[in-house]
Structure formats: structure tokens, C-alpha cells
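Tertiary structure, described
Listed here are the chains, written in short residue letters.
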Amino acid sequence: MPIDSTYLLDTLKKSIQINSITPVEEDLAAFFADEIRKLGIEPEWDVVAPGRPNVYAVADLGPSDEMLLLTGHLDTVDIAADWETDPFNPVEKDGKLYGLGSFDMKSGVVCCFAAFKALVEDYALKGKLGKIAFAATVDEEGYGTGAEALLKSPLGKADGILLTEPFWGTKEMPVPLGLTGKVLYKLTVTGKMAHAFFPERGRNAIEDAGKIVAALNQLNLYEHPRFGCGNYSTLKIEGGYQEYAVVVPERCEVIITRLTVPGENRDSALADMHQLIDSLDLACDVEIETAPPFYEPYVIETNSRLAQSFSAAYQQQVGRPPDYKFTRCITDGNIYVGNANIPTITFGPRGGGAHECNEFVEIDSLTPVAQVLVDSCTTYYATE
């Protein structure tokens, strides 16, 4: 059951030519829907938001009631400065394919589809497997609404997921054993306006916000024995006048992102921030909220049937076991595992330059990824 490598590369080039910068994924979704129809399957069009559809396909390849899902996201980030080539014109050079989304993650989605296509078209497998599904989702680079919508569809009942984010399985690009979660704090600091020549008559919201930011190194970060500690970063501070005025600012908003590790959750993160702010004895009032997106941290079970099937397929194709590591990162896997507890393996092509100029994927990694996906599925059902 060999992968059609020519089809895979040609399809990737076509997908790079289609602009799918968040939030304009519809044209690329339509492209995959047309490819699904060529297999004699009518795709499902799941509109997550106006002009933002997920596209799904399911093939029933045998008697098993279980379903494996091959999936990735359609959207890319915006174009970075200083590209040496047209980011929408795929360019082959020195074994690499350059183009926007080539690495993160149009190559992964196309590998998923090439594997799905190979499984559907191999008539020798008919009646021997179970359900194999393909999904291309929107908004991973934003709020993860595509993955959340998928969980509300029949595909949300999948027994295992192979997510083709670009983690190749080397020490430099290990397959995640687990990922950090994320909390986004929104702090609203409220003081009292006064003439700025008499600041003692007011309560300065910006100054108190500054005290909070300066004290973030006192935030209680849980230490996980394998992940280590999470981290934090202040993303935005906004307050003060809109039109110049000599007044003590009465309001300031602070946005802080925090990566969490297993053992922490939204409630514990809120409690940590309350404890920190209470310790500062500020003059102003502070409202603490958690804004979207929120992600749970997770750890995968390496002895699950899916993980063992993947490891065997990887060993056979690459010639060595995959390297695994706990990783500071967020993907749709946080939603699939954290929200629905679906076993999820995150594995994809080699390359570089994600979210940067001159992004590329290594062409010789594409077919092995698709083949590992195929073999993971066949091994999974063979060991049922």
C-alpha cells in the first residue's frame, strides 16, 4: 500500500498557492472537499463561523466499531517580513519546499489526506479495518474553535487521533509525550481619577498595574517532575487617557499569558493570581478574569494501543524508535485530549521556519509521514 508521492507533493504545492491566513480558510477547505469527492465520498461541511468551515470525511473500511481520525489545521499565520520568494508560490530548492504554511501545517494536512486516500483506495483492506476519518479544521492559530467544533460532531467520538503537527520524532523535533496548557489572565485595575498635579487625591491604576507586572516572578508556578515549571509573559498593558489630559488614570487593563503543567488548572491559576495581588496591598481594585483561549495541559499514555501502533509503524518506516519529550507548546491536541480525553499522537514532517519568513518543509520527510499514518491505522486494527 505505497503512498502516491507525486500526488502528495503536487497536492501540497496546490494547497500552498491557496491563501488560508486566519480567518480565510474557506477556499482551502473547498479544495480538500473536492479531493474527497474524487474518492467517491461526500464530505461534510461544518461551518464553525461565517466563511470558516471544517471539512470532514469518513470511510467505513471494516467491521470494527472503532474510528481513527487523521487531522490537521487549514489556517496559517500572516506573512512575515523579508520573504525571499513569493510565500504563495511554492519553490523547491535543495530538497526543501518553501512557502507559507509549508511546515505549519499544510504539509501535515496533505500527509493526512494522502494516507486517507491510500487506505480508501486499497481494496485489499476493505472489510479488515474499521472507520478511518479525515478532518481539516480552522482556527488553530487563533482560538481553537475548529477543534472544539469537531468534538461536537460525530468525529468527536473518535477512539484515537493522529495529529500531524510538525514533530518529526528526533531529539530536535520530538514527538510530544504531553503539552503544557495555557491560561490567559485579564486583569482590570480600577483606581480613582484626580488631577495629576495632586496625585495623592487619586488612585493610579497604571502604577498599580506596574506593581503587579513587576511582581510576576513571585507567582506560584507548580513544578512537574517531567515538564519542569510553566512560565508567563505580559502581552499587553493599556490604560490612561485617549486624548491628552493631566489626570491620574483610573483604569488599566493587563493581559498575561501563562503556560501551565499537569497538576495546574484554571481554578488553581486564578487562585495563584489572587494570592499574588492580595500580597501587594494595592490602593486600586483588581478584577481577575481568564479570557479565551484556555487549554488544559496533558500527558499521553505511551502504553495505549494507539501509541504502540504508532511506535511500531515509526520504527518500521524510519528504522529507529521515535524520540519523545514533554514539550512547551499548544496545539489542537490540548483540546482533543484535555477536553475529550481522546488518545492523540502528534507527529509530522521535518522542516523549519514556522511563523517566520522562508518557511520550508523537507520533501523527503513527506512520504514517510504519510506511510507511518497508514501503517499506524492498519496496525491498530490488526491488534484489536
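Above this note sits the structure.
Residues numbered from 1 in each chain as written. Predicted model: local features only at pLDDT ≥ 70, side-chain atom pairs only at ≥ 80, totals over all residues. Heavy atoms only, no water.

1. Digging into helix α2 (residues 26–37)
If you check α2, its first and last C-alpha atoms are 16 Å apart, about what 12 residues at 1.5 Å a residue would give, namely 16 Å. Among all positions of α2, only L28, A29, F31, F32, A33, E35 and I36 are buried. The inward-facing, buried residues of α2 contact α1 (5–16), β1 (44–49), β2 (52–60), α3 (102–121) and β6 (131–137). (Helix = DSSP H or I, 4+ residues; strand = E, 2+ residues; numbered from the N terminus. Expected span 1.5 Å × (residues − 1). Buried < 20%, exposed > 50% of the residue type's maximum accessible area, 1.4 Å probe, protein only. Contact = heavy atoms within 4.5 Å.)

2. Here's the deal with the pattern of salt bridges
Here the structure, examined in full by the defined rule, presents 18 salt bridges. The closest approach of N and O atoms between R37 and D34, which form a salt bridge, is 3.0 Å. Placement of the pair is R37 and D34 together in helix α2, with a separation of three residues, close to one helical turn. According to the relative accessible area criterion, R37 is partly exposed, its value standing at 39%. Measuring nitrogen to oxygen at the nearest pair gives 2.7 Å for the salt bridge that ties E264 to R258. The exposure classification of E264 matches that of R258, with both residues buried. Residues participating in the shared-partner salt-bridge network are E25, R52 and D139. (Salt bridge = Lys/Arg side-chain N within 4 Å of Asp/Glu carboxyl O.)

3. Re the nonpolar core
Counting 72 residues, the largest nonpolar core has F32, L70, F116, I132, F134, I345 and F347 as its most contacted members. Per-element accounting of this core gives the leading share, 13 residues, to α3. Counting 22 residues, the second-largest nonpolar core is a separate cluster that includes A209, L270, C284 and F294. (Core = buried A, V, L, I, M, F, W, Y, C linked by side-chain atoms within 4.5 Å.)

4. Here's the deal with the side chain of D332
Along the chain, D332 turns up in the loop between β16 (324–327) and α8 (333–340). If near-sequence neighbours (up to four positions away) are discounted, D332 is found in contact with H73, T137, E140, G144, A147 and L163.

5. Considerations on the sheet that holds β1
Spatially, β1-β2-β6-β3-β7-β17 is the arrangement adopted by the six strands of the open sheet, whose pairing is mixed. Either end of the sheet is taken by a strand with one partner, and the two such strands are β1 and β17 (344–346). Across the sheet, the mean angle separating the axes of adjacent strands is 20 degrees when strand polarity is ignored. Across four bridges, strand β3 (residues 67–73) lies against strand β7 (residues 160–163) in parallel orientation. Bridged to L70 within β7 is L162. Strands β2, β3, β6 and β7 of the sheet are contacted by α3, whose axis makes an angle of about 150 degrees with β3. Along the sheet, helix α9 (residues 366–382) contacts β3, β6 and β7; its crossing angle with β3, the most-contacted strand, is approximately 160 degrees. (Pairing = 2+ DSSP bridges. Axes fitted to C-alpha atoms, helices over the stretch in contact; angles between N-to-C directions.)

6. Some details on the sheet that holds strand β5 (residues 96–98)
Each strand in a sheet pairs with its neighbour through backbone hydrogen bonds, running either in the same direction (parallel) or in the opposite one (antiparallel). Across the sheet, four strands lie side by side as β4-β5-β19-β18; this open sheet has antiparallel pairing. Because the sheet does not close on itself, it has two edges, and the strands there are β4 (91–93) and β18 (351–352). Here two bridges tie β18 to strand β19 (residues 360–362), and the two strands are oriented antiparallel to one another. In the strand pairing of β19, G351 is matched with V361.

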